[in-house]
Amino acid sequence: MSQDPERDDVTASATASASASAPASASAHYSGSSLSVRWVQGFPSQNVHFVNDQTICYPSGNFVIFINLETKKKTVLQCINGIVGVMATNVPSEVVAFSDRRFKPVIYIYSFPSLTRKNKLKGDILLDYTLLCFSYCGTYLASYSSLPEFELALWNWEASAILCKKSNPGMDVSQMSFNPMNWHQMCLSSSSAMSVWTIERSNQEHHFRIRSVKLPLEDATFLNEPDMLFPTTLPKDLIYGPVLPLSAIAGLVGEEAETFRPKDDIYPLLHPTMHCWTPSSDLYVGCEEGHLLMINTETLKVTVLQKAEEFPLPDGAPLINPLTLVYQKDGILASGIDGVIYSFIIKDSKYQVKTFLEFDGPVTHLVFSPSYKMLLIQTDKGSVYIYTFGAEMPLDKLLDACDGKVQAVSFITPGTKYFLTLTSSGEVSTVSLEDCNCTSRIFLKTQATALACSPSSPTAAVGTVDGYVYFLNILDVESPQMIHQAFLSQSPVKIVTYDQRGIFLLVGTEEGNIFVIDARPSKSFQIFGFTETGKDILQISTVSVMESDVVEVLVLYPLPDMGRSRLEYFTLPVMLPEVVPENFSDERGRLKDDLTHKYLYEVEHTLSSAVLGFTGSKIFGFCSQVPYICSYVMPVKEHTGVLVLKPHQKVQSKQYGSGTIYLSSHGLWLMTIAKCGILCIRDMFSMETFVRCRSHSHQGRGIQNMKMSLDGQHILVNGKDDNTLVCLKWKRLGANIASEIFEHSRPLVLHLSQTVESESVYLALSRESTNEQQEETTESQKHLNSDSSEEEAVIDHKMIPWIQQKMEEAIKKEVRIFSPRRKEIKRGIKELAQVIAMMMEENEKVDIIAKLDEQEFCLDADELERLHDECEEEVAKIRKDVEMHNLAQSYLTELIKEECWNSMAVKGRALKCFHIPYVVDNFPMKERTEEELQELSKVMQQKKTEIECLKLRKEIVEVQATTTIAKKHHEEEEEEEEDEERTIKTTSLPNYLLGSLSTDFGADTSLLTSQLDLHSREEKINQIILLKISFKKYIAPWQRAKIKEVVSTYEMERLQQARISDERQRGLMDMMGGVLEVKKEDILRMVIPQPPFMAKADALWSEDERKQFKEYEKKVKELNEERDKYRKSLEAELKKLQNSIQESTQNFDDHLKRLFERRVKAEMVINQEELKINNIIFSLLLDEELSSREQFLNNYLLKKQEEKTKTAEAIQKAREDLDVFKEHHDMLVAEDKILDRSFKKEFSDILGHQVDVLYKLFKRRPRVHKQKTQADVTSLVPYGERPGSAKLNKENLAQLMKSMDELDNINNMPEGLDPSVWEHFCSTRRAKVENEYKVKQKAACLLEMTTFLRKRMEEDDVVHHEIEKVFHELIRLQDEKVRFQVNLTVQILLKQGQVELENFQLMLEYSDAILINKNIIEDLNSVIRTQGQKKVASMMESKEVHKGIYQIEWEHKKMEMEMEDLNQRAWDIEMLFFSRDRQKYLNEPNYENVIAIQIGIMEQTISVIDKTHKKNVENCKKLLKKLGKYSNQKDVANYTLSCNLREELVAVSERQDICNEIGSKLTCEKIARERYDNQLKQQKLLNISKQQAEQISILQAEVERLRMKTFPALIPM
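None of the values given here were measured: they were computed from a predicted structure.

Caption draft 1: Region of the structure containing the overall build of the chain. For the chain, the count of helices and strands is 24 helices and 61 strands. Among the 1613 residues that make up the chain, the fraction classed as buried is 35%. Restricting the contact set of the chain to residue pairs at least 6 apart, pairs at least 24 apart contribute 55%. When the accessible surface of the chain is totalled, it reaches about 101,000 Å², and 55% of it is carbon and sulfur.

Caption draft 2: Fine view of helix α17 (residues 1248-1259). Here α17 is 12 residues long and its end C-alpha atoms lie 17 Å apart, about the 16 Å a rise of 1.5 Å per residue gives. Listed in full, the buried residues belonging to α17 are Gln-1250, Val-1251, Leu-1254, Leu-1257 and Phe-1258. On an axial view of α17, the arc spanned by its buried residues comes to 125 degrees, and they lie on one face. Exposed residues on α17 whose side chains face more than 90 degrees from its buried face are His-1249 and Lys-1256. Looking at the buried positions of α17, the neighbouring elements they touch are α15 (1103-1237), α16 (1239-1242) and α20 (1315-1382).

Caption draft 3: View of unusual backbone geometry. Cis rather than trans, the peptide bond between Leu-147 and Pro-148 has omega equal to -5 degrees. Inspection of the secondary structure assignment puts Pro-148 in the loop between β11 (140-145) and β12 (151-156). Look at Lys-72: it is not a glycine, yet its phi comes out positive at around 60 degrees. Looking at Lys-72, the relative accessible area reads 38%, which means it is partly exposed. The phi dihedral of Leu-115 falls on the positive side, at around 55 degrees, and the residue is not glycine. Along the polypeptide, Leu-115 turns up in the loop between β8 (106-111) and β9 (117-122).

Caption draft 4: Quick peek at the pairing of strand β29 (residues 395-399). Where strand β28 (residues 384-388) meets β29, four bridges bridge the pair, whose relative direction is antiparallel. Looking at β29, one finds that Tyr-387 is bridged to Leu-395. In this structure, the hairpin formed by β28 and β29 is closed by a connection of six residues, where Gly-390 is found at a positive phi of approximately 85 degrees.

Caption draft 5: Structural context of the sheet that holds strand β36 (residues 468-473). The strand order β34-β35-β36-β37 describes an open sheet built from four strands, whose pairing is antiparallel. Either end of the sheet is taken by a strand with one partner, and the two such strands are β34 (448-453) and β37 (481-487). Strand-to-strand, the axes of this sheet are offset by a mean angle of 20 degrees, without reference to chain direction. Bridge count between β34 and strand β35 (residues 459-464): five bridges; the pairing is antiparallel.

Caption draft 6: Up close: the confidence of the model for the chain. Across the chain, pLDDT averages 81, with 86% of residues at or above 70. Segment residues 965-969 is flagged for pLDDT under 50; beyond a separation of four residues in sequence, or across chains, it makes zero contacts in the model.

Caption draft 7: The sheet that holds strand β54 (residues 689-694), seen in detail. Pairing is antiparallel in the open sheet, where four strands are placed in the order β51-β52-β53-β54. The open sheet has two free edges, formed respectively by β51 (659-663) and β54, since each of these has just one partner strand. Each neighbouring strand pair of the sheet contributes to a mean axis angle of 20 degrees, computed without reference to strand direction. Bridge count between β51 and strand β52 (residues 669-674): five bridges; the pairing is antiparallel. Its bridge partner lying in β52, Thr-660 is registered against Ile-673.

Caption draft 8: Here's a closer look at the pairing of strand β6 (residues 84-90). Across the seven residues that make up β6, a large majority, seven, are buried. The pairing of β6 with strand β7 (residues 95-100) spans five bridges and is antiparallel. From the neighbouring strand, Met-87 faces β7, where its bridge partner is Phe-98.

Caption draft 9: Spotlight on the packing of α15 against α20. As a packed pair, α15 and α20 sit with axes 7 Å apart at the nearest point and diverge in direction by 160 degrees. Between α15 and α20, the angle falls in the class roughly antiparallel. At the point where α15 passes α20, the crossing takes the left-handed sense. Residues of the contact of α15 with α20, tallied by class, amount to 30 nonpolar, 11 polar and 21 charged.

The rules we used
Residues numbered from 1 in each chain as written. Predicted model: local features only at pLDDT ≥ 70, side-chain atom pairs only at ≥ 80, totals over all residues. Heavy atoms only, no water. Helix = DSSP H or I, 4+ residues; strand = E, 2+ residues; numbered from the N terminus. Buried < 20%, exposed > 50% of the residue type's maximum accessible area, 1.4 Å probe, protein only. Contact = heavy atoms within 4.5 Å. Areas by Shrake-Rupley, 256 points an atom, 1.4 Å probe, with all protein chains shown as cover. Expected span 1.5 Å × (residues − 1). Arc of directions from axis to C-beta. Pairing = 2+ DSSP bridges. Axes fitted to C-alpha atoms, helices over the stretch in contact; angles between N-to-C directions. pLDDT = per-residue confidence, 0-100. Parallel < 35°, antiparallel > 145°, perpendicular 65-115°, else oblique. Left-handed = near helix turned anticlockwise from the far one by under 90°. Nonpolar A, V, L, I, M, F, W, Y, C, P; charged D, E, K, R; others polar.

Here it is as structure tokens:
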């Protein structure tokens, strides 16, 4: 859908057309109907401005509202393109400027009070203007836009032209102002920065010059920031190279390097909030931190003003945080968030604070009237106060803003005098319909959502967020009262609506309940019940006509899951209040379905609104996703379930966004509002629009709701986000339409008036009784302390929602009915529990086999299963968490293992000593990647190639001089090549120059570049790659062969021994069980058995037994002796083995100790190589930093050169303009002098004394009287008389010419002077005065242009100075870079000194030691360090001296070579042939200038020729084009003539035949007569020309005489 963006008024002509079901004369019926704005109510969300001394204005929604401070009369100006953006006013010119908020916004200039548009300013801004500001004098308007342009533009609003503009990306400005004393100065401020903009003018050219203000730190101190681009305080490091700025270290080369600051160097600054100008063109700035600053706009010096004395602040606030500032004489007025206006009296750099006024809320804006007699005060809520100085009642409340946004409006029946407004904070206001004045207010102190006025009584219902419905008595509109409150449910109330006759009040909540309440206060607003619908109710529509005995209700709510909308239709009988409550609702308050007759309908698309028609069972719906309005017909037959309705009629809405549809009071009009902000009134039958009215816009999210009065004469439209309420009235309304509304409203009003009167009587009586009760309560309040707890209890009981009360009552009733049954069930359960307990006791006594589990005694198996399932779920959850934790730990383990073990090509191993704490570990290494191997191979191949090339070059150079020596040397090298080739390569440089001991470990250093030759970046990178090569111990070829032979012999012996050992073992196993002989230890391990008789007593033994016993003892003794001998031999062998092991472990430890020492040396070598790598990397980084710095300086130089080009062009243009203007000025001055000198000659015909008198009068000038302002105004206005503008200059010229009329009066004519001479004198004097005025204006403009040229030249000098600075920095950087590349960092091995051992390794014997004081050692160390530093410094100085010597020698050699070159050139010059051009070159001192002049002349000639050629080409093209057109015309004419020729030939032939028949005599006579007449005419013309030539010569002579008389020529004698 497309809307017309250029609609200029609120009204719209009727466009309705009748449909098939409408009457044929429907379009004629509504023809000419239109709406107009009656008044607009809105409160300022932006700053309020003065248009003149008695009128203020502010934007609200689509309108700009003007208020006259004397009469309080409002005037409205509507923006033609939607919501008003930003606004500004110009008091001297009485104009208002505001912008719209469409794409590519436009600024409109309107004059006041005529409210006619003067101009329309179109710029290049895409989104929105954020600030507008007029200059006090002149026709200048400044505009600022934020994203995406961030552009400041200066307009000449009278000429609709942009004078100049400038973009500052990322600069978000919050305040912009012109200097009241000088329109050439502006100030732009934000919360983080401030800048002063100077507008420089050269004739018609304007230019912005920006200067940023350096704000103090948060503690009001100043920080001296060093120059980060060209720092002069950087330390110099003579060892590690130059120290560069941080931007170069960071690698920044673009514009970000200019403003780069490290995080640690960024300090928080003060945050400006507001600023104001002083008469001395200084700035006062208030900050969030409470500090007050004064800024000199010429020098940009910032002064932090200090308090002259401590001022106690309310609430213990430490500082004043000003939200707005305004200047007054000797100080400022400031307001803060505390609602207090403070007066600051400033003297020098100190100020005193006094409290001026106090308000309830924060004051966001202060502004003085143009005469400074009044102060306008604006609060954050939108209230406006006027403080008049010197008045008896100085403070006057002009606008009393509502507390929050207006949520709903409703007419007080019948809607002809008053209406109610409801805000989101619960403020209900009674407003007069006539002039929109607030009559009264009542605060509910809760968040409100909906409002409705009862048609049948002077009451209103308000729905709240916490589920309450408050009923207000509005019988007395000046003092409304809350008479009842109903707590329906805890769900917020969403919709409150009455039926048309005021019988029922329907309240819809968010949870989908619709409560039906008696609308009459005399029935105490009885709640009939509720019915349940879907959640998120969108609209409740009712139809209650006088002829019907039911009230029809239609409820709309969405079905988001299905993408449809559902409609619920039910009816409420009119006689419902007289029915017994049990008959229409159940015990829980739910309405019975047989009473309401509920039907459900669905539509196939989503609706945002739906209403029920008065006749024909029609439903009108507003589609939310498609731009259509549909009508549906409900079936007559009853149905069950959900019935899907099909559209009966469908028309385009021509409104975009979701909308709402309403029905007029007489049911013939459909009124639709939408997000687009347009109100459409349609015919109900055809659904075609006959009135369109744009009262709001889509930028403010359109219209929230609307209400039409009962008589249809007034319409209230409330915006959603713009907080603007618009009252519309009929501008043109047909007589038939008015009669229709009147015929319907009259009987309804008569019917409602009876109910209103009866209810009004009840409300009046109840109001009186309420007042009496309040008085009694006030008197007895002191005696109610003991009863307070009971009141609180009652209040707590009332806090229970009605629906919950009904639920509890129903539950209590059910409990009361079923209590005997409950007791019986409880008793049975108790008996059952006792039986189960006895069974469990018996179960404990039975056997285990017959014993049951405890869970088998659980009667509630479902509960047991549920608990079991919960336990299983909990166990599964814990198991899953543990598994996931284990999996994460396993994954982390695998990562660590892969990184630290699997990826290692050489695993980490370690050897430990047996007796000493030494551990030797290897160096774990990762396997090289394919890229690293390729890069290594490439570098090695490159180095080998370089070595071979170097050898070849040496051989080529030295082949002739050392042929014999080279052959002998070559033979010796071939003999020793196999054994010593590697050693020769590695010993090319000593270790102290290699910088490491890598050669001691057999490392190949042949490919490494010497440290003295590492100059280029590529060489350093290759050196790093080669230094990272892993090396192994070098083994000579003969040693490799010997080791290989020994290894092979050992391997063969091991294999043979293994084979023999295998055969022997197999034979032993086969023949002797694996034992070749019995070992002695086996024999000694045997036990001699005791004789069996030893079990008897000794007395019972026989002699043989005694002999056997002796033999047994002997054998045992021998065995024990053998065992002792064997044990001693084993102990000796063990000791020997232990000694051998001790010796072996000692030898192992010795070897491992040597290995440890070698490992330490290896680590030392690795550290040495890593140190070399780090030094090279540092040099590479420093090289990158130098390159970054150089690139930045080059980029910065290019930038400054571009600026230099622009400044040079600006200077050239300004100089050309100045020369042209100066020429015009000189011409005016010359003419003025000629007029002065030629005065006496002009009046040479009169007498001499008269000429002298006239000359005195000629020099006399009138006095121009300046307009004097009143003394009191001059004393109040702090800025005094401000400089004039161009408009004032024109007025001054007109006043001067008017004053000349007095001097030209005939009374001032000298006596005896001819009046004609006096008139000629007056005209001459007027010409002289006008010329003098022009000369003055030209002189002022010339001075301005000269200043402009001087400023441009100064800027050019500054840019030139910066370019020179960059050049010097580049030269210095290049010198440092060359010095850095020459000064190599060489790592040298030095002999180490003594190493202090750790304390635990020292002997604690100090018998021969002496005790020395610690200070002596420290002093000695400091002396050693000082001497070391001196030594290093002297070495550095010596190095510089040697470098200087080498530099001088090199320069000497260079000069010798140059001398030879110059001698050669001199000889060449002597032998050179001289031509004339060369002679001219030698003889001409400024040959280059001559050539440049010739080139310039040739270029000018070429350009002139080129221009002439182009001009000729253009002329030829034009001529060719003209000839082409002429040729075409001639072709057409020829074709026409050829066509006519045929006809003429026919006619000629016919006439020829006729002439032949008649004769040719008459034709000859006719020709002769014509020739005679032509001769007479020619003679007459010749006579006339001679007479005119004589007259011309006479006139030329007279002109020459007059010219010589006016401008006589001085001919030298």
